[in-house]
Amino acid sequence: MAKRDYYEVLGCARNATQAEIKKAYRRLAMKYHPDRNSDDADAEARFKEAKEAYEILNDDQKRAAYDQFGHAGVDPGMASGGFGAGGFADIFGDVFGDIFGGARGGGRQVFRGADLRYDLELSLEKAVFGDTVTLTVPKLVGCGTCDGSGARPGSSPKACATCGGQGQVRMQQGFFSVQQTCPQCRGRGTVIGDPCKDCHGEGRVQDSRNLQVKIPPGVDTGDRIRLSGEGEAGQNGGPPGDLYVEVHVKEHPIFTRDGRHLACEVPVSFATAALGAAVEIPTLDGQVSLKIPPGTQSGKLFRIKGKGVAPVRGGPIGDLICRVQVETPVKLTDRQKQLIEELDSELAGASNKHSPRSGSWLDSVKEFFDRD
């Protein structure tokens, strides 16, 4: 009987994508699978027909030959397939690997080294302006005695007899073929008969490394700096992990930080707040002069442009926010108390003029109680 067109078998258009072809085959394979239709010879024939069509159309070269020459353009031997190695088992693993967790192909397993985290404390100055610091990082590194092989110098690992050096073994049950990690060598593909005396066959030893790390200007608490390849050494030839340096900025005795802005309190005397004056304000890169106008109240905010932080991810430099704190005199002498009392008497005669907020507040309180 003449073979049907492969596209017709799978129910796909001739311009179908590989994903559409795979989806069509999956649907037919599930429908006509022999395990589901043990007493239906027609279902088994349909299953083999679909499998044959998929084998051709899933291969770009074979598909191109089929599109040009039809069935005569493809190797009949490849179409006949079979249920041994390279036949249905591989096709089944390709289509249903995501369902059953199967893996295709051989090859020993390699293991990437673990990522590490280092908590770095920085002063505010170093976080704002950047710095270069030296870190001592304890970690697993490749054994220098055996060059990471795990075998004693002069010897070498042998291919695992269980998996033949592949690191994986294939389990065959009917139509199902599943690969799993070799239990003998644990995926390495080799076994060590004479282990290295320093690493005891692990290929890695515990050690410490000194690293020079450049801290970019503007970092803040919670920022992480990734150092590629500076984590723990991999196993079985695998790549090393990464090192993540996590920044923690220490509290500063003068400044607090809010993103790109800095803030500080500026204590001033009663006379300075009342009469006004120029006061020296500290910044992270020197002092600046701040003019306090006469009559400044406690809590007044002043902004000094460009004396904040340049954000590490770019953007304009922040500002320094200065909050004036008027200090009340303490430990007064009798003479000082007398002078303040005299001043208070002088000011009391025109409280609304000299203390407008106080006068306004008292008027509001009086109005509140008069409503009753």
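Note: the structure precedes this text.
For every chain, the first residue of its written sequence is number 1, and the numbers climb from 1 along that sequence. With the structure being a predicted model, the display of local features is reserved for residues of pLDDT at least 70 and the display and counting of side-chain atom pairs for 80 or more, all residues being used for whole-chain, interface and lining totals. To obtain the side-chain values, all non-hydrogen atoms of the structure were used and water was disregarded.

### Quick word on the overall build of the protein chain
Now for step 1: Looking only at helices and strands, one finds eleven helices and 15 strands in the protein chain.
Now for step 2: In the protein chain, which comprises 372 residues, the share counted as buried stands at 33%.
Now for step 3: What makes two residues a contact is simply this: any of their non-hydrogen atoms within 4.5 Å. Sequence-distant contacts, at least 24 apart, represent 65% of the contacts inside the protein chain between residues at least 6 apart.
Now for step 4: Accessible areas in this description were obtained via Shrake-Rupley with a 1.4 Å probe; residue shielding takes into account the shown protein chains only. About 22,800 Å² of surface is accessible on the protein chain, with carbon and sulfur atoms providing 50% of the total. Numbering goes from the N terminus for both helices and strands, where a helix is a DSSP run of H or I of at least four residues and a strand is a run of E of at least two. Throughout this description, buried means an accessible area under 20% of the type-specific maximum (1.4 Å probe, protein chains only), exposed means over 50%, and partly exposed covers the range between.

### Thoughts on unusual backbone geometry
Of all residues except glycine, most have a negative phi; of all peptide bonds, most are trans.
Now for step 1: Backbone geometry places Asp147, a non-glycine residue, at a positive phi of 60°.
Now for step 2: The exposure class of Asp147 is exposed, given its relative accessible area of 70%.
Now for step 3: Although it is not a glycine, His200 adopts a positive phi angle of roughly 55°.
Now for step 4: By the secondary structure assignment, His200 is in the loop between β6 (190-191) and β7 (204-215).

### Some thoughts on the nonpolar core
Now for step 1: With 37 residues, the main nonpolar core has Ile215, Ile281, Leu320 and Cys322 as its most contacted residues.
Now for step 2: Ignoring anything within four residues of it in the chain, the contact list for Leu320 reads Phe255, Leu262, Ala263, Cys264, Ile281, Pro282, Thr283, Phe302, Arg303, Ile304, Lys307 and Gly308.
Now for step 3: Only buried residues count toward a nonpolar core, which is a set of Ala, Val, Leu, Ile, Met, Phe, Trp, Tyr and Cys residues joined through side-chain atoms within 4.5 Å. Membership of the second largest hydrophobic core comes to 21 residues, among which are Val9, Tyr25, Tyr54 and Ile56.

### Section: the packing of aromatic side chains
Now for step 1: Stacked, edge-to-face and tilted are the three classes for Phe, Tyr and Trp ring pairs, Trp counted by its six-membered ring, which pair at centre distances within 6.5 Å; planes under 30 degrees apart are stacked, over 60 edge-to-face, the rest tilted. All told, the structure shown has three aromatic pairs when counted by the stated rule.
Now for step 2: Relative to Tyr66, the ring of Tyr6 lies with its centre 4.7 Å away and its plane at 35°, an arrangement referred to as tilted. Of this pair, Tyr6 sits in helix α1 (residues 6-10) while Tyr66 sits in helix α4 (residues 60-69); the two residues are 60 residues apart in sequence, bridging distant segments of the chain.
Now for step 3: What makes Tyr6 buried here is its relative accessible area of 2%.

### What about the pairing of strand β8 (residues 224-227)?
Now for step 1: Side chains Ile225 and Leu227 project from β8 onto a buried face, and the interleaved Arg224 and Arg226 project onto a face without burial.
Now for step 2: Paired strands, in this sense, are two strands between which DSSP finds at least two bridges. Relative to strand β9 (residues 243-249), β8 runs antiparallel, the two being bridged by four bridges. By the bridge assignment, Arg224 is partnered in β9 with Glu246.

### Regarding α4
Now for step 1: Every buried residue of α4 is listed here: Arg63, Ala65 and Tyr66. The buried residues of α4 occupy one face: seen down the axis, they fall within an arc of 165°. Counted as exposed and oriented over 90 degrees from the buried face of α4: Asp60, Gln61 and Gln68.
Now for step 2: Those residues of α4 that are buried are in contact with α1, α2 (18-32) and α3 (41-57).
Now for step 3: Positive phi appears at Gly70, one or two residues downstream of α4, with a value of about 75°. Our arc is simply the arc of the directions from the helix axis toward the C-beta atoms.

### What about the side chain of Thr272?
Now for step 1: Mapped onto the secondary structure, Thr272 falls in helix α8 (residues 270-275).
Now for step 2: In terms of polar contacts, Thr272 uses its side chain to reach the side chain of Ser269, at 2.9 Å.
Now for step 3: The residues touching Thr272, leaving out its near neighbours within four places in the chain, are Ala277, Val279 and Ile292. Pairs of N or O atoms within 3.5 Å make up the polar contacts considered here, provided that, within protein, one atom can donate a hydrogen while the other can accept it, and that residues adjacent in sequence are counted only when both atoms are side-chain atoms.

### Here's the deal with a negative patch on the surface
Now for step 1: Think of a patch as exposed residues, more than 30% relative accessible area, with no salt bridge, where like charges cluster within 9 Å and nonpolar side chains (Val, Leu, Ile, Met, Phe, Trp, Tyr) cluster within 5 Å. Only one rule defines a salt bridge in this text: a Lys or Arg side-chain nitrogen within 4 Å of an Asp or Glu carboxyl oxygen. Only four residue types enter the tally: Lys and Arg on the positive side, Asp and Glu on the negative side, with His and both chain ends excluded. Working definition for charges: the position is that of NZ of Lys, CZ of Arg, CG of Asp or CD of Glu. On the surface, Glu341, Glu342, Asp344 and Glu346 cluster together to form a negatively charged patch.
Now for step 2: Mapped onto the secondary structure, Asp344 falls in helix α9 (residues 334-348).

### Describing the pattern of salt bridges
Now for step 1: Per the counting criterion, the structure on display carries 22 salt bridges.
Now for step 2: When the shortest N-O distance is used, the salt bridge between Arg14 and Asp67 registers 3.7 Å. On the criterion of sequence distance, the pair formed by Arg14 in the loop between α1 and α2 and Asp67 in helix α4 is long-range, its members being 53 residues apart.
Now for step 3: With a relative accessible area of 45%, Arg14 lands in the partly exposed category.
Now for step 4: A salt bridge links Arg313 to Asp223; its shortest N-O distance comes to 3.3 Å. Here Asp223 lies in the loop between β7 and β8 and Arg313 lies in the loop between β14 (301-304) and β15 (320-326), a separation of 90 residues in the sequence.
Now for step 5: Here the residues in one salt-bridge network are Arg112, Asp115, Arg226 and Asp242, joined through shared partners.

### Some points on the state of the cysteines
A covalent bond between the sulfur atoms of two cysteines is what we call a disulfide.
Now for step 1: Here, the term disulfide refers to a pair of cysteine sulfur atoms separated by no more than 2.5 Å. What the rule picks out here adds up to zero disulfides.
Now for step 2: With no disulfide of its own, Cys146 lies closest to Cys199 among cysteine sulfurs, the gap being 3.7 Å.
Now for step 3: Cys196 carries a free sulfur, and the closest cysteine sulfur to it, the one in Cys143, is 3.9 Å from it.

### Observations concerning the environment of Asp119
Now for step 1: Within the fold, Asp119 resides in strand β1 (residues 116-122).
Now for step 2: Residue classification places Asp119 among the partly exposed positions, given a relative accessible area of 42%.
Now for step 3: In this structure, the C-alpha to C-alpha distance between Asp119 and Val247, residues 128 residues apart in sequence, is 6.2 Å.
Now for step 4: Apart from the residues within four sequence positions on either side, Asp119 is in contact with Glu246 and His248.
Now for step 5: Here the side chain of Asp119 touches His248 through a polar contact of 3.3 Å, side chain to side chain.

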